[in-house]
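What follows is the residue order along each chain.
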Amino acid sequence: MSGHVTGAVAALADGLPGWVSLLRAPNPGPMTLDGTNTWVLRAPSAEYAVVVDPGPADEGHLARIAEHGPIGLVLITHGHPDHTEGSARLSDLLGGVHVLAVDRAHTIGGEPLTAAGESLGGYDLDIQLLDTPGHTADSVCFLVEHDGERVVLTGDTILGRGTTVVAHPDGHLGDYLRSLELLSAYTGIPALPGHGPALADCAAAADFYLAHRRARLDQVRAAVDGGARTPAAVVAVVYADVDRSLWWAAEWSVRAQLEYLGVAIGESAPGVSGLEHM
């Protein structure tokens, strides 16, 4: 449970509802897995679709999204560039469609998303905003229902493979644990992540993540008790089974863990600028 996780943390979804389409951006990497998932939601009876996370500013990818038009709304799960870099260009391609995010910096043509439980009705879809900070301060998920079928679009709060980084100092572990507890209520509802394959059960994935994070906290406590005196030293102990090329991302999470535990130790300078996976 406490080792480095690279596979799916819950059963994969057998299939997607007929009103859900996945367009995967061509930006694979150690932090983005197979690439950023752009989700297109179109109820059979609706003229307009809803897009979640445009992805990077890749002209081919954005053109593929536009081919699924007409599109009435674009939603953002969080502001990392692998999810938002293409937003402005996609809005232009779609004739100025609104892009809504929690962060005003990533909102185009409308007002930022504000309230947990806010309903984004229309397009014959029931879309409910779930406030799920932790990976980043502006992270949200979307609970979407059509004709009795529900899905949770989890962004990078839950991934299709492996676990996500808590992007300290913007991300906060206490917030993240509370967000996972919230998502653990959605038993049997598929999770559509920002990277990796769809999972069959959002709650099962959230429960795994919670147990994994708590085990990591125990490891961090033990590393500090054993003499680790900088975040980098904690990484070397706790994330010893992780490729060293990813230790900078692990240090993000370690800093969040130390803050959560109220442990102040010496500084190391990771110089991080990456994205998601850890």
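Cut-offs applied
Residues numbered from 1 in each chain as written. Predicted model: local features only at pLDDT ≥ 70, side-chain atom pairs only at ≥ 80, totals over all residues. Heavy atoms only, no water. Helix = DSSP H or I, 4+ residues; strand = E, 2+ residues; numbered from the N terminus. Rg over C-alpha atoms; globule rule 2.2 N^0.38 Å. Buried < 20%, exposed > 50% of the residue type's maximum accessible area, 1.4 Å probe, protein only. Contact = heavy atoms within 4.5 Å. Areas by Shrake-Rupley, 256 points an atom, 1.4 Å probe, with all protein chains shown as cover. Lys, Arg positive; Asp, Glu negative; His and termini not counted. Charge placed at Lys NZ, Arg CZ, Asp CG, Glu CD. Salt bridge = Lys/Arg side-chain N within 4 Å of Asp/Glu carboxyl O. Pairing = 2+ DSSP bridges. Axes fitted to C-alpha atoms, helices over the stretch in contact; angles between N-to-C directions. Polar contact = N/O pair within 3.5 Å; in protein donor to acceptor, adjacent residues only side chain to side chain. Parallel < 35°, antiparallel > 145°, perpendicular 65-115°, else oblique. Nonpolar A, V, L, I, M, F, W, Y, C, P; charged D, E, K, R; others polar. Phe/Tyr/Trp six-rings, centres within 6.5 Å; stacked < 30°, edge-to-face > 60°. pLDDT = per-residue confidence, 0-100.

Comments concerning the overall build of the chain
Inference 1: What the chain contains, in helices and strands, is seven helices and nine strands.
Inference 2: Taking 278 residues into account, the globule formula puts the C-alpha radius of gyration at 19 Å, and the chain, at 18 Å, falls close to it.
Inference 3: By principal-axis analysis of the C-alpha atoms, the chain measures approximately 60 × 35 × 30 Å.
Inference 4: Considering the chain as a whole, with its 278 residues, one finds that 54% of them fall into the buried category.
Inference 5: For the chain, contacts bridging at least 24 residues in sequence account for 61% of all contacts bridging at least 6.
Inference 6: Of the accessible surface of the chain, which amounts to about 10600 Å², a share of 50% is contributed by carbon and sulfur atoms.
Inference 7: In the chain, which carries 15 positive and 34 negative side-chain charges, the distance between the mean positions of the two groups comes to 7 Å.

Topic: the pattern of salt bridges
Inference 1: All told, the structure shown has seven salt bridges when counted by the stated rule.
Inference 2: Between Arg161 and Asp34 there is a salt bridge; the shortest N-O distance is 2.9 Å. Here Asp34 lies in the loop between β1 (20–24) and β2 (37–41) and Arg161 lies in the loop between β8 (149–155) and α4 (173–183), a separation of 127 residues in the sequence.
Inference 3: Residue Asp34 is classed as partly exposed on the basis of its relative accessible area of 33%.
Inference 4: The salt bridge involving Glu181 is made with Arg214; its shortest N-O contact spans 3.3 Å. Of this pair, Glu181 sits in helix α4 while Arg214 sits in helix α5 (residues 202–225); the two residues are 33 residues apart in sequence, bridging distant segments of the chain.
Inference 5: For Arg214, a relative accessible area of 42% translates into the label partly exposed.

Side note on the sheet that holds β2
Inference 1: With mixed pairing, five strands are arranged side by side in an open sheet as β1-β2-β3-β4-β5. The outermost strands of the open sheet, each flanked by one partner alone, are β1 and β5 (99–100).
Inference 2: The pairing of β2 with strand β3 (residues 49–52) spans three bridges and is classified as antiparallel. Residue pairing across strands places Trp39 opposite Val52, the latter belonging to β3.
Inference 3: The sheet strands contacting helix α1 (residues 59–66) are β1, β2, β3 and β4 (71–75), and the helix crosses β1 at an angle near 165°.

Comments concerning the side chain of Asn27
Inference 1: Among the secondary structure elements, Asn27 is positioned in the loop between β1 and β2.
Inference 2: Residue Asn27 is classed as buried on the basis of its relative accessible area of 17%.
Inference 3: Of note is the side chain of Asn27, whose polar atom sits 2.8 Å from the backbone nitrogen of Thr36.
Inference 4: Leaving out residues up to four positions away in the same chain, Asn27 has contacts with Thr32, Gly35, Thr36, Pro56 and Asp82.

Here we look at the packing of α5 against helix α7 (residues 247–261)
Inference 1: Two numbers describe how α5 lies on α7: the axes approach to 10 Å, and their chain directions differ by 80°. Judged by the inter-axis angle, α5 sits roughly perpendicular to α7. In this structure, α5 uses Arg213, Arg216, Leu217, Val220, Arg221 and Val224 to contact α7, whose residues at the interface are Ser253, Gln257, Leu258, Tyr260 and Leu261.
Inference 2: For the contact of α5 with α7, the per-class residue count stands at six nonpolar, two polar and three charged.

Thoughts on the packing of aromatic side chains
Inference 1: In this structure the tally under the stated criterion is one aromatic pair.
Inference 2: Look at Trp248 and Trp252: their rings are 6.2 Å apart centre to centre, the planes differ by 70°, and that puts the pair in the edge-to-face class. Of this pair, Trp248 and Trp252 both sit in helix α7, separated by four residues, roughly a single helical turn.
Inference 3: The exposure class of Trp252 is buried, given its relative accessible area of 9%.

Let's talk about the confidence of the model for the chain
Inference 1: Per-chain confidence: the chain averages 92 in pLDDT, with 93% of residues scoring 70 or above.
Inference 2: Every residue in residues 269–278 scores below 50 in pLDDT, and together they form 51 contacts with partners more than four places removed in sequence or on other chains.

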